[in-house]
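The lines below spell out each chain.
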Amino acid sequence: MLSLHNLQHIHTVIIPISSDLYSFSAPKGNKAEKIPKIYTKTGDKGYSSTYTGERRPKDNLVFEALGTTDELTSAIGLAKEFCLDANLQCVAELEKIQCRLQDIGSNIATPLSSARESHKVNTSFNEDSVQELEQWIDKYTVQLPPLTSFILPSGGKASASLHVARAVCRRAERVTFKLLQTGEADSRVGKYLNRLSDYLFTLARYAAKAEGRPETIYTRINP
């Protein structure tokens, strides 16, 4: 699975979407642009390819982790739009995270058991990204009142959508952890997802505060 920054000078770009690869041909000079087909038919029998070239069943853990990471990227995209509408100063961070998740997808799609060194170099994941998340968490935490009670997803559309993204992130972390246990993925990917859920929770609280919307406190309802 290739990253776009390595292909900026190539006319045909391979973009990973979930587990399949789609090729898009850019126009060259005055030549007519080739219209790409979104369907490949290669997965009709229930198998898809990893970046290493393996064909695995679509219910394989690799593709489960890829699909959940894709869900997470989409949930963050929706939250980002609500944050943009609310004029919150976190949109660039969320967009950067979406790019990081594409890198994570590349890493997950490269099972270490069948990866060559060239595969590992192309899909390696830098732990500096984890430290960046921690810095962002600290930045927002100091602006928030201490958390003394359980809160429910609430606090306006931006906040509630960030809570949804946080819940999807937890699921992505659980699925990816199964890959980590088998030694098929980079442990730094697990760290990033763990820290990302903390970031999304903190940002959800910050979004509610920035918009002046109250957070709903959990109260036990007796029968």
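Look a little higher up for the structure.
Residues numbered from 1 in each chain as written. Predicted model: local features only at pLDDT ≥ 70, side-chain atom pairs only at ≥ 80, totals over all residues. Heavy atoms only, no water.

Peer 1: Help me out: how do you make sense of the overall build of the protein in this one?
Peer 2: Looking only at helices and strands, the protein has six helices and six strands in total. The helix and strand sequence of the protein, counted from the amino end, reads β-β-β-β-α-α-α-α-β-α-α-β. Here the analysis covers contacts within the protein between residues at least 6 apart in sequence; of these, 68% occur between residues at least 24 apart. Summed over its atoms, the accessible surface of the protein is roughly 12800 Å², and 53% of this surface lies on carbon and sulfur atoms. (Helix = DSSP H or I, 4+ residues; strand = E, 2+ residues; numbered from the N terminus. Contact = heavy atoms within 4.5 Å. Areas by Shrake-Rupley, 256 points an atom, 1.4 Å probe, with all protein chains shown as cover.)

Peer 1: Would you take a moment to explain a nonpolar patch on the surface for this structure?
Peer 2: A contiguous nonpolar patch, built from Phe-150, Leu-152 and Tyr-218 and spanning about 340 Å² of accessible area, is present on the exposed surface. Accessibility expressed as a relative area gives 42% for Tyr-218, which makes it partly exposed. (Patch = residues over 30% accessible without salt bridge, like charges linked within 9 Å, V, L, I, M, F, W, Y side chains within 5 Å. Salt bridge = Lys/Arg side-chain N within 4 Å of Asp/Glu carboxyl O. Buried < 20%, exposed > 50% of the residue type's maximum accessible area, 1.4 Å probe, protein only.)

Peer 1: Looking at this structure, how should I read the nonpolar core?
Peer 2: The nonpolar side chains of a soluble globular protein tend to be buried, and buried together. Leu-72, Leu-94, Ile-97, Leu-196, Tyr-199 and Leu-200 are the most contacted members of the largest nonpolar core, which totals 44 residues. Looking at this core, the elements with two or more residues in it are helix 1 (61–85), helix 2 (91–108), helix 4 (128–141), helix 5 (157–181) and helix 6 (187–211). What Tyr-199 contacts, discounting residues up to four positions off in sequence, is Cys-90, Glu-93, Leu-94, Ile-97, Leu-133, Trp-136, Ile-137 and Tyr-140. (Core = buried A, V, L, I, M, F, W, Y, C linked by side-chain atoms within 4.5 Å.)

Peer 1: Sorry if this is basic, but what is going on with the environment of Val-130 here?
Peer 2: Examined against the element boundaries, Val-130 turns out to sit in helix 4. Classification of Val-130 by relative accessible area gives buried; the value is 2%. When the C-alpha positions of Val-130 and Leu-196 are compared, they lie 8.1 Å apart, and in sequence the two are 66 residues distant. Every residue in contact with Val-130, bar those within four places of it in the chain, is listed here: Arg-188, Lys-191, Tyr-192 and Arg-195.

Peer 1: Looking at this model, I keep getting lost on helix 2. Mind explaining?
Peer 2: Its 18 residues give helix 2 an end-to-end C-alpha distance of 26 Å, which sits within 8% of 26 Å, the value for a rise of 1.5 Å per residue. Here helix 2 has its buried residues at Val-91, Glu-93, Leu-94, Ile-97, Gln-98, Leu-101, Ile-104, Gly-105, Ser-106, Asn-107 and Ile-108. (Expected span 1.5 Å × (residues − 1).)

Peer 1: Looking at this model, I keep getting lost on the packing of helix 1 against helix 5. Mind explaining?
Peer 2: Between two packed helices, both the angle of their axes relative to each other and the distance between the axes serve to describe the pair. Orientation of helix 1 relative to helix 5, taken along the N-to-C sense of each, is 165 degrees, at an axis distance of 8 Å. Taken as axis vectors, helix 1 and helix 5 run roughly antiparallel relative to one another. When the axes of helix 1 and helix 5 are compared, the crossing they make is left-handed. When the residues that make up the contact of helix 1 with helix 5 are grouped by side-chain class, the tally is 17 nonpolar, three polar and five charged. (Axes fitted to C-alpha atoms, helices over the stretch in contact; angles between N-to-C directions. Parallel < 35°, antiparallel > 145°, perpendicular 65-115°, else oblique. Left-handed = near helix turned anticlockwise from the far one by under 90°. Nonpolar A, V, L, I, M, F, W, Y, C, P; charged D, E, K, R; others polar.)

Peer 1: Is there a simple way to think about the pattern of salt bridges in this case?
Peer 2: Note on pairing: side chains with opposite charge can pair once their charged atoms come close. Under the defined criterion, the tally for this structure stands at eleven salt bridges. Where Arg-188 meets Asp-186, a salt bridge forms, and the shortest distance between an N and an O atom there is 2.8 Å. For Arg-205, the salt bridge is made with Glu-215, and the minimal N-O distance between the two is 3.3 Å. Linking Arg-205 in helix 6 with Glu-215 in the loop between helix 6 and strand 6 (216–217), this pair joins segments that are ten residues apart in sequence. Look at Arg-205 and you get buried, because its relative accessible area is 8%. Relative accessible area serves as the criterion here: at 22%, Glu-215 is assigned to the partly exposed category.

Peer 1: Explanation requested: the packing of aromatic side chains in the structure shown.
Peer 2: Each aromatic ring pair is summarised here by two numbers: the centre-to-centre distance and the angle between the ring planes. One pass over the structure, following the stated rule, counts four aromatic pairs. With centroids separated by 5.7 Å and ring planes inclined at 50 degrees, the aromatic side chains of Trp-136 and Tyr-199 adopt a geometry described as tilted. One end of the pair, Trp-136, is in helix 4; the other, Tyr-199, is in helix 6, with 63 residues separating them in the sequence. Take Trp-136 and Tyr-199: they sit in the same class, and that class is buried. Chaining the aromatic ring pairs together yields one cluster made of Trp-136, Tyr-140, Tyr-199 and Tyr-206. (Phe/Tyr/Trp six-rings, centres within 6.5 Å; stacked < 30°, edge-to-face > 60°.)

From the geometry alone we can't say anything about function, so treat these as descriptive.
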